[in-house]
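For reference, the chains in residue letters:
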Amino acid sequence: MEQNEQKKTVFSAVQPTGTPTIGNYIGAMKNFVAMQDEHDCIYAVADLHSLTVDIAPAVLRKNVTEMTALFLAIGIDPEKSVFFVQSHVHEHAELTWILNCYTQFGEARRMTQFKEKSAKAPENVNVGLFDYPSLMAADILLYQTDLVPIGKDQMQHLELSRTIAERFNNRNGATFKVPEGVLPKYGKKIQSLGNPSAKMSKSSADANSYVLVLDTPEEIRRKFKRAVTDSDACIRYDPETKPGVSNLLTIYSAFTGKDMAASEKDFGGKDYAYLKDSVSDAVIEGLRPIKERYEKLIADKAYLTAVMKKGAESASYRARRTMSKVWRKLGFVRP
Ligand code: AMP
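Here we summarise the structure given alongside this text. It should be emphasised that the depicted structure is a prediction, and the values quoted were computed from it without experimental measurement.

Overview of unusual backbone geometry
Positive phi outside glycine occurs at Gln-144, with the angle close to 50 degrees. Mapped onto the secondary structure, Gln-144 falls in the loop between α7 (127-141) and β4 (147-149).

Remarks on the side chain of Ser-50
You can see Ser-50 is positioned in helix α2 (residues 47-50). The class for Ser-50 is buried, based on a relative accessible area of 0%. What Ser-50 contacts, discounting residues up to four positions off in sequence, is Gln-15, Pro-16, Thr-17, Ile-55 and Leu-60.

Description of the environment of Val-59
For Val-59, the location among the structural elements is in helix α3 (residues 57-74). For the pair Val-59 and Val-213, spaced 154 residues apart in sequence, the C-alpha to C-alpha distance is 18 Å.

Some points on helix α8 (residues 155-172)
Here α8 contains 18 residues, and its C-alpha end-to-end distance of 26 Å stays within 8% of the 26 Å for a straight helix at 1.5 Å per residue. The positive-phi residue at the C-terminal boundary of α8 is Gly-173, with phi of around 90 degrees.

Some points on the site of the ligand
By nearness alone, 17 residues border the ligand, and Gln-15, Gly-151, Asp-153, Ile-190 and Met-200 come closest of all. A distance of 3.0 Å separates an oxygen atom of the ligand from a polar atom in the backbone of Gln-15. Met-200 places a main-chain nitrogen or oxygen 3.0 Å from a nitrogen atom of the ligand. In isolation the ligand exposes 500 Å². Once the protein is present, 93% of that is buried. Across the shell around the ligand, the residue classes tally to five nonpolar, seven polar and five charged.

Rules used in this analysis
Residues numbered from 1 in each chain as written. Predicted model: local features only at pLDDT ≥ 70, side-chain atom pairs only at ≥ 80, totals over all residues. Heavy atoms only, no water. Helix = DSSP H or I, 4+ residues; strand = E, 2+ residues; numbered from the N terminus. Buried < 20%, exposed > 50% of the residue type's maximum accessible area, 1.4 Å probe, protein only. Contact = heavy atoms within 4.5 Å. Expected span 1.5 Å × (residues − 1). Near = heavy atom within 4 Å. Polar contact = N/O pair within 3.5 Å; in protein donor to acceptor, adjacent residues only side chain to side chain. Areas by Shrake-Rupley, 256 points an atom, 1.4 Å probe, with all protein chains shown as cover. Nonpolar A, V, L, I, M, F, W, Y, C, P; charged D, E, K, R; others polar.

In structure tokens:
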């Protein structure tokens, strides 16, 4: 596929570490679909990234297939966008090594995600976990990306990708586009239902604190019923003093497409039980078509394999173009 020079290039990826939460969906994946018509989009399953935490081979294998089906189920169209699996394009690993040499130890050490994940699993503080931002920079810079739709938690890594790109360009001449992060209007950081001061994350020990995009309607309703709110019984958007209620309003806005003022208006004079019911309805309805498409797609392994293959070919072609520039600029003798 020829690169479309008119449109801006978009790249983003999601790790195959299990079914995504509605946080992943609202924060990043919903934007992937929205950007598809106007931009030249490239999306990936970041399987190399998932090795930075303990993951069993059988689980990784299953997750990559499931994540592929899910990307298509949310609306990624492999005819419009390039969709591929990161490890199928070896240039990601090659560029990571090079970018390691353009990343300062002190920069990587300051990353919040590294500190948090190290504290969570002190028995497995591997060098890959430390190096995660260089791999992420390689993912983005390989495709001469303009825009990167991500949640707020990835913004620090994106900033480091920009620093690495600028440093490389300054030393070697213009090589990489310097990308910009794109946050969603509502939901750049969806909070945990059990602890609204923390991010919603599927790695949380409390399974009721997150909603997965493939949860059943009963599970969704039960989790929202238990969501922590406050005692002041007034429904308004105020993340500072009312983080739980504001989080529910944000989820409601993201799923209904209403702006925050309209969402607040829907709940004038209503109680928290009504709010939780309405949020559940909106999420269940929003996820229903995704689940239906997913069930069909996951049963068609041959189609999923064909999509991965075609995507890898398109992505490889583009990645090779950037890599040949990188090798040349750095003075490598090529075969
Ligand atoms: P990951 O599972 O780390 O690959 O994340 C995939 C995408 O989801 C990234 O762009 C994250 O920034 C985004 N994301 C993860 N958790 C949340 C959350 N609770 N709220 C909003 N975005 C999120």
